[in-house]
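# Geometric and topological summary
Here is what each chain is made of, one letter per residue.
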Amino acid sequence: MAKYIERDAHGLVIEGFDEMSSITTTMMDQIWGTLYLGSMDDALNVAALTMHNIKTILTIMNYPISDDQRQPNITYHWINAQDVGNWDLLTYFPEANDIIDGAVTAGNNAGILVHCAAGVSRSATIVIAYLMQTLQRPYEEVRDLVRRRRPEIYPNEGFVDQLELFEAMDYCLDANDRRLRHYLLNTYVRAVEDGLDQYFQRLSVAEKLTLDMYYGVPYACISCAAVLFNEINVVKNYQYNGPDVCGRVFIEPQPWMSDQLAAPFDETVHELEVKCPHCRQVVAKCATMISNYKLLVKNIDCKCGHHNGVRGLKIMMLGIILDNKSMSS
Ligand SMILES: [Zn+2]
Ligand SMILES: [Zn+2]
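In the annotation of an unreviewed UniProt entry, the protein chain is listed under the name protein-tyrosine-phosphatase and assigned to Medioppia subpectinata. Here is the UniProt Sequence similarities (unreviewed entry) comment for the protein chain, exactly as written: "Belongs to the protein-tyrosine phosphatase family. Non-receptor class dual specificity subfamily."

Following this line, the structure appears as structure tokens:
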């Protein structure tokens, strides 16, 4: 059994044993109609694939099935994932659900196998998400349904949180929902060099899939009046209805800040000035802990009701005004 040590997309060290050799084989299980759930061994077992008439394979692992292991009559799909709780599967649910739904409704009794290394956590999460959306049923009910067909399923804790958030959003991605936005910020903007790019990319996927995306009131640069962000980008505790005693405005990172936030940091600098992309006026200070030249999401350490316990990048806006022009138009 080969031991491996690697870093995940968030820069966290993962230690483990080589997946292929350490997993004992179980057979793929028929979960719902022609939808099957199984392991990597199942995905390579030509006799079993033939027996169950598998025509589509969806791999949920950190590498795809290699060309020389593929069968000519099977369509292969791959979603990159490691079995760690802070790995984002949630924003890939719609893509996976489309693949599974296309296969399940194709007819001819053709089957689809969704698999990871063991068919326990990653692929089980994807199958549960598909059935939650298809049946419009909550997580625990669907987990029990899948478990009756495959007792060994056990989505890791972080994946369970993601499935419960999917349930809370009525089985779709809703980028108007601040819980999704906080989830993305905390998942991607963490000690990772390209985390910011991934964050913008996955947030944009979620916003495009959101029906009736509502960005809210625009805020503009006080110096040149260019719109810099909208109400939806403000980071605060929206469950708190008390008065705004602190008056400070913290926001999500914006794509126009990318170059400024991604620039190499001097570790002695504890506060980064963010400039308006149009007039170069300083419009924000990013006081986030900067460690090893990387940004870290942390608690916004303000004790007012709107910010206590809220996590973000601590980008505090300075030179901004409500854009009344855009509001009235
Ligand atoms: Zn400006
Ligand atoms: Zn505050």
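### Let's talk about helix α8 (residues 178-188)
For α8, the set of buried residues is Leu180, Tyr183, Leu184, Leu185, Thr187 and Tyr188. The inward-facing, buried residues of α8 contact α7 (157-168), α9 (195-209) and β16 (311-312).

### Some words on the pairing of strand β11 (residues 272-275)
A one-sided burial pattern is seen for β11, the buried positions being Leu272 and Val274 and the unburied ones Glu273 and Lys275. Sheet topology note: the β11/strand β12 (residues 282-286) ladder contains four bridges and is antiparallel. Directly across from Val274, in β12, lies its bridge partner Ala284. Between β11 and the antiparallel strand that follows it, β12, lie six residues; Arg280 among them carries a positive phi value of about 65 degrees.

### What about the environment of Asp177?
Along the chain, Asp177 turns up in the loop between α7 and α8. Placed 33 residues apart in sequence, Asp177 and Thr210 show a C-alpha to C-alpha distance of 9.8 Å.

### Structural notes on the sheet that holds strand β18 (residues 320-322)
Spatially, three strands are ordered β9-β8-β18 in an open sheet, and the strand pairing comes out antiparallel. The sheet is open, and its two borders are formed by β9 (227-230) and β18, each paired with just one other strand. Mean inter-strand twist for the sheet, computed between neighbouring axes without regard to direction, equals 35 degrees.

### Focus: the nonpolar core
Ala96, Ile112, Val114, Val127, Ile128 and Ala129 are the most contacted members of the largest nonpolar core, which totals 77 residues. At eight residues, the largest contribution of residues to this core is made by helix α5 (residues 122-135). Shared between two domains, this core takes at least three residues from each, and those domains are domain 1 (29-169) and domain 2 (182-320). Not counting residues up to four positions away in its chain, the partners in contact with Val127 are Ile31, Leu35, Leu37, Val114 and Val146.

Thresholds, definitions, all that
Residues numbered from 1 in each chain as written. Chains lettered and ligands numbered in written order. Predicted model: local features only at pLDDT ≥ 70, side-chain atom pairs only at ≥ 80, totals over all residues. UniProt positions renumbered as here; feature names shortened; annotations may be inferred. Buried ≥ 20, exposed ≤ 12 C-beta atoms within 10 Å, placed from the backbone. Helix = DSSP H or I, 4+ residues; strand = E, 2+ residues; numbered from the N terminus. Contact = placed C-beta atoms within 7 Å. Pairing = 2+ DSSP bridges. Axes fitted to C-alpha atoms, helices over the stretch in contact; angles between N-to-C directions. Core = buried A, V, L, I, M, F, W, Y, C linked by C-beta atoms within 7 Å. Domains from an automatic or database assignment.

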